[in-house]
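What follows is the residue order along each chain.
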Amino acid sequence: MVSMVRLERLRADHAPALLAFERENRAYFARTVPDRGDAYFAGFAAYHAARLAEQETGGIHFHVVLDDDGGDGDSGSEGGRLIGRVNLVDVERGTAELGYRIAERAAGRGVATAAVAALCRLAATTYGLTSLTARTTLDNPASRTVLERNGFVFAEHTTVGDRPGVRYEREL
Ligand SMILES: CC(C)(COP(=O)(O)OP(=O)(O)OC[C@H]1O[C@@H](n2cnc3c(N)ncnc32)[C@H](O)[C@@H]1OP(=O)(O)O)[C@@H](O)C(=O)NCCC(=O)NCCS
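What counts and how
- Residues numbered from 1 in each chain as written.
- Predicted model: local features only at pLDDT ≥ 70, side-chain atom pairs only at ≥ 80, totals over all residues.
- Heavy atoms only, no water.
- Phe/Tyr/Trp six-rings, centres within 6.5 Å; stacked < 30°, edge-to-face > 60°.
- Buried < 20%, exposed > 50% of the residue type's maximum accessible area, 1.4 Å probe, protein only.
- Lys NZ or Arg CZ within 6 Å of the ring centre and 35° of its normal.
- Near = heavy atom within 4 Å.
- Polar contact = N/O pair within 3.5 Å; in protein donor to acceptor, adjacent residues only side chain to side chain.
- Helix = DSSP H or I, 4+ residues; strand = E, 2+ residues; numbered from the N terminus.
- Salt bridge = Lys/Arg side-chain N within 4 Å of Asp/Glu carboxyl O.
- Pairing = 2+ DSSP bridges.

### Overview of the packing of aromatic side chains
Enumeration over the complete set of coordinates arrives at five aromatic pairs. Residues Phe21 and Phe29 carry aromatic rings whose centres are separated by 5.5 Å and whose planes lie at 55° to one another, so their mutual orientation is tilted. Each member of the pair, Phe21 as well as Phe29, carries the same accessibility label: buried. Relative to Phe41, the ring of Tyr40 lies with its centre 5.1 Å away and its plane at 85°, an arrangement referred to as edge-to-face. Note on Phe41: relative accessible area 12%, which makes it buried. The rings of Tyr40, Phe41, Phe44 and Tyr47 are connected pair by pair, giving a single aromatic cluster. Looking at Arg36, its charged tip hangs above the ring of Tyr40, at a distance of 4.8 Å from the centre. If you follow Arg101 out to its NZ or CZ, it ends over the ring of Phe29, 4.6 Å from the centre.

Pasting the structure below:
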């Protein structure tokens with residue numbers, strides 16, 4: 001199934017929806033990626049401000065993923081619920097590392113695949129990058145599928161946290 005998604009570069013006013021997204025999906029995400037810890041949730045406002053400051057320096061490019069529920073929701077005239085995030089970190093010398101997470105309620109509909117595709121386009125155009133790298137654990141086949149469908153190829157075996165994983169690369 002093809003999902004329509006829209007990316008927005010992270011802004012200050014995304015904070016409430018982003019915190020709600022992370023809270024609602026905390027246990028779900030913790031099954032595959034390290035939990036952010038209680039301090040992240042307790043200190044969310046400061047954490048969010050710090051990420052925005054870092055983004056200003058060009059070291060990271062964070063984005064929220066919105067669905068295409070336009071129209072008469074209560075989330076503003078643009079419409080769309082925050083259903084995920086796709087981020088670039090360690091931006092330097094024309095490359096960056098990709099990371100992403102999609103809400104449990106939106107899983108299995110091609111959202112991650114579409115959002116990563118959109119971010120790869122942004123990376124090449126708006127951010128002027130020439131390659132991306134991404135890591136995932138071996139036991140995350142959905143994530144590996146998302147990368148492989150977006151033209152990422154095996155680069156090396158690695159560890160993610162303390163778990164065996166794979167690093168992928170893609171030229172843009
Ligand atoms: C991994 C994640 C991003 C996938 O998001 P998603 O929107 O469900 O992904 P998509 O629907 O675009 O594609 C996933 C594909 O993997 C497939 N898949 C899912 N579970 C699978 C499994 N156990 N084995 C093989 N393929 C699997 C899906 O069927 C889908 O393919 P399909 O379109 O042919 O059905 C999401 O589950 C997530 O955020 N998980 C928690 C955080 C995380 O793991 N982030 C990535 C860290 S590297």
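Let's pick the thread back up.
### Here we look at the site of the ligand
Around the ligand, the structure places 23 residues, and the nearest of them are Ile102, Gly108, Gly110, Thr113 and Arg149. In this structure, an oxygen atom belonging to the ligand sits 2.7 Å away from a main-chain N or O atom of Ile102. Residue Ala112 places a main-chain N or O atom 2.9 Å away from an oxygen atom belonging to the ligand. Mapped by element, the contributors of at least two residues to the shell around the ligand are helix H2 (26-30), strand E4 (95-102), helix H5 (111-124), strand E5 (131-137) and helix H6 (141-149). Element by element, the count of residues in the shell around the ligand is highest for H6, at six residues.

### A short note on the pattern of salt bridges
Scanning the model with the defined rule gives 15 salt bridges in all. Its salt-bridge partner being Asp38, residue Arg26 comes within 3.0 Å of it at the nearest N-O pair. Linking Arg26 in helix H2 with Asp38 in helix H3 (residues 38-42), this pair joins segments that are 12 residues apart in sequence. The partner of Arg31 in a salt bridge is Glu104, with the nearest N and O atoms 3.5 Å apart.

### So, the pairing of E4
On a regular strand, each side chain points to the face opposite its neighbour's, so the side chains alternate between the two faces of the sheet. Note that strand E3 (residues 82-92) and E4 share seven bridges and pair antiparallel. Bridging from a neighbouring strand, Asn87 pairs with Gly99 of E4. Linking E3 to E4, which pair antiparallel, is a turn of two residues; within it Arg93 sits at a positive phi near 50°. Alignment of E4 against E5, held across four bridges, turns out to be parallel.

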